[in-house]
Amino acid sequence: MQTFVYERPATLAEAVALLDAHGPNARLLAGGTDLIIRLRDGSARPGVVIDVKRIAELHPAIREDDGIVTIGATAVVADIAASEPVRRHFEALADAAAVVGSVQIRNRATIGGNICNASPAADTAPSLLVYGAVVVAAGPKGTRRIPIDDFFVRSGVTTLGPSELVVAIEILVPARSTGAVHMRRTRRRGHDLASVTLCCSVDDTGVTRLAYGSVGPRPVLVTDETGVLADPDAPDEAKAAIFERMFAEASPSKRSMRAGPEYRLAMLRVLGNRAVRAAIGRLEAKGRVEA
Amino acid sequence: MSGMANTLPIEITVNGRRRALRVAVHHTLLDVLRDDLRLTGTKECCLVGECGACTVMVDGRIVDSCLMLAVEADGAEILTVEGLAENGRLSPLQQAFLDKGAVQCGFCTPGQLMASHALLEANPNPSLDDIQEGLAGNLCRCGCYVQITDAVLSVAEGGHR
Ligand SMILES: Cc1cc2nc3c(=O)[nH]c(=O)nc-3n(C[C@H](O)[C@H](O)[C@H](O)COP(=O)(O)OP(=O)(O)OC[C@H]3O[C@@H](n4cnc5c(N)ncnc54)[C@H](O)[C@@H]3O)c2cc1C
Ligand code: FES
Ligand code: FES
């Protein structure tokens, strides 16, 4: 690994000043489960590495205030999977956080790193899209809020400015009763990114939201408001037609070593069907508890 | 802190012993444990977070020490495989690995022990499923998975560690 200058700011203002001063020569380090690998193989060669883990503003406890759950950027996915407000309101995000890598990886991998790395296979992305999460970013001009659907561009690229960093993720607790689930296909548990990821939510008005990843340059969010997918009695042909429309944007790479495009497209439909059923199951279970 | 180039002083507690040392900022915790502190029980293998041979506990949680810079551990409490035995006696978990034949070439064993140790601390009575999930980040090229699982289960069932 090539050497660098290591900076460990204690405040957000210091971190922004460092980013501003060093520009593209600086790289932010959170859990390092993506970045350390790139530093070692030389695909990233920053002159300055800015460790964000000791910035107080980035790691408050996961909290629920006025119907908004806030997750600090450096929250590790192990803690997100175990978080009471996340499990209560955003079960699909808890599902996703629990399947990232292995225990060792989950103890280090942060949610900020997961979305900023912007892998099309990032496990937290589909559920954040489905729940309409908002990315809180700070930069020299202050703080702004970016809807997550406007955040992802393609692998490794987001709409974050060059001197901006992610401070937190905010998610509005759904107003309607909602059941949601995250599913994936992977070659081996504990070691591999997913070949297909998919999150589905169904609410009590019959709106179905799907977000899927690993089948194109960025994860995609689509919505079905016809109520057909959410209707357990709707005929399979009607559902298939809706899935065709929802999956139209999937364009898996032909060159990936993980899985061929035919396999991914076929699995997208399988996961879609399974996830809709599971989400309806969770919605119904909530209805029974609330009733 | 600012302007820290190339080397940096850190303080870590390793297996209960406080250590103050100066480390290269681009060296991983694994490098420093093995090369600076001569604690070679922790193994270097894939260096990409896939095999778990480099697993150690940092502030009570297992991590792959190949994916963490030593400077990031500044102030932390670290437990390595060398810290599992007490007064020269193997821990019940280590003894179970021997008794169940869970060690073949032994290269993955330190990592398997650290991951099992962490699992049992969090969950003293893990199911087979819990063990498979808890050890999913540790590969064994000799294929001792059944024996490793047996060893962990035997300690769990025994209710002592
Ligand atoms: C063995 C292994 C298995 C894995 N399995 C999975 C998996 O199953 N699912 C999955 O989704 N991922 C997986 N990953 C990838 C990785 O663990 C995740 O993407 C993780 O969430 C990255 O977070 P981090 O904190 O480690 O990021 P880092 O490596 O620290 O950073 C990643 C990128 O984000 C930038 N960054 C970090 N924090 C911020 C911030 N606050 N603001 C702006 N930019 C920032 C960094 O500069 C860097 O470019 C795996 C990785 C390994 C090594
Ligand atoms: S050497 Fe660290 S996980 Fe393989
Ligand atoms: S005993 Fe040889 S790798 Fe596990």
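Just so you know, these numbers come straight off a predicted model, no measurement behind them. (Residues numbered from 1 in each chain as written. Chains lettered and ligands numbered in written order. Predicted model: local features only at pLDDT ≥ 70, side-chain atom pairs only at ≥ 80, totals over all residues. Heavy atoms only, no water.)

Let's talk about empty space enclosed by the protein
Residues and elements named next belong to chain B.
1) Next: Taken as a whole and judged by the stated rule, the model has one cavity of 30 Å³ or more.
2) Next: In this model, the largest cavity occupies a volume close to 30 Å³.
3) Next: Every residue lining the largest cavity is listed: A102, V103, Q104, C105, G106, F107, C108, T109, C140, C142 and C144.
4) Next: Looking at the lining of the largest cavity, its residues break down into eight nonpolar, three polar and no charged. (1 Å grid on protein atoms, 1.4 Å probe; cavity = no way out; pocket = protein on both sides within 12 Å on 5 of 7 lines; lining within 4 Å. Points joined across faces, edges and corners; volume = space filled by probe spheres on them. Nonpolar A, V, L, I, M, F, W, Y, C, P; charged D, E, K, R; others polar.)

What to know about the domain arrangement of chain B
All names here are of chain B.
1) Next: The domain architecture assigned to chain B consists of domain 1 (3-83) and domain 2 (92-156).
2) Next: One C-alpha centre belongs to domain 1, the other to domain 2; they are set 22 Å apart.
3) Next: At the interface, 15 residues of domain 1 touch 13 residues of domain 2.
4) Next: For the pair domain 1 and domain 2, the summed buried surface comes to about 1100 Å²; carbon and sulfur atoms form 70% of the total.
5) Next: In this structure, the connection of domain 1 to domain 2 is made through zero salt bridges.
6) Next: Taken together, domain 1 and domain 2 are joined by three residue pairs in polar contact (both at pLDDT 80 or more).
7) Next: Among the elements that line the side of domain 1 that touches domain 2, the one with the most residues is strand β4 (residues 55-58), at three residues.
8) Next: Of the residues that constitute the side of domain 1 that touches domain 2, the class distribution is eight nonpolar, four polar and three charged. (Domains from an automatic or database assignment. Contact = heavy atoms within 4.5 Å. Buried area = accessible area lost by both parts, 1.4 Å probe. Salt bridge = Lys/Arg side-chain N within 4 Å of Asp/Glu carboxyl O. Polar contact = N/O pair within 3.5 Å; in protein donor to acceptor, adjacent residues only side chain to side chain. Helix = DSSP H or I, 4+ residues; strand = E, 2+ residues; numbered from the N terminus.)

Side note on the pairing of strand β13 (residues 208-213) of chain A
Residue and element names in this part refer to chain A.
1) Next: Across the six residues that make up β13, a large majority, five, are buried.
2) Next: In the sheet, strand β12 (residues 196-203) pairs with β13 via six bridges, with the strands oriented antiparallel. Bridge pairing in β13 places T197 opposite G213.
3) Next: Direction of pairing for β13 relative to strand β14 (residues 220-224): antiparallel, over a ladder of five bridges. What sits directly across from Y212, in β14, is V220.
4) Next: Following β13, the chain reverses through six residues before pairing antiparallel with β14; S214 in that reversal takes a positive phi of roughly 75 degrees. (Buried < 20%, exposed > 50% of the residue type's maximum accessible area, 1.4 Å probe, protein only. Pairing = 2+ DSSP bridges.)

Observations regarding the interface of chain B and chain A
1) Next: Contacts between chain B and chain A engage 38 residues on the former and 35 residues on the latter.
2) Next: For the pair chain B and chain A, the two sides together bury roughly 3000 Å², of which 50% comes from carbon and sulfur.
3) Next: E72 of chain B is the partner of K53 of chain A in a salt bridge, and the nearest nitrogen-oxygen pair spans 2.5 Å.
4) Next: The interface formed by chain B and chain A contains 15 residue pairs in polar contact (both at pLDDT 80 or more).
5) Next: Residue assignment for the side of chain B that touches chain A shows that the elements contributing at least two residues are β1 (4-5), β5 (61-64) and α4 (128-134) of chain B.
6) Next: Class assignment for the residues of the side of chain B that touches chain A results in 19 nonpolar, 12 polar and seven charged.

Quick word on unusual backbone geometry
1) Next: Phi angles above zero are rare outside glycine, and D66 of chain A is one such case at about 50 degrees.
2) Next: Inspection of the secondary structure puts D66 of chain A in the loop between β4 (63-65) and β5 (68-72).
3) Next: The residue N15 of chain B is not glycine, and still its phi comes out positive at about 50 degrees.
4) Next: Residue placement: N15 of chain B occurs in the loop between β2 (7-14) and β3 (17-24).
5) Next: A relative accessible area of 27% places N15 of chain B in the partly exposed class.

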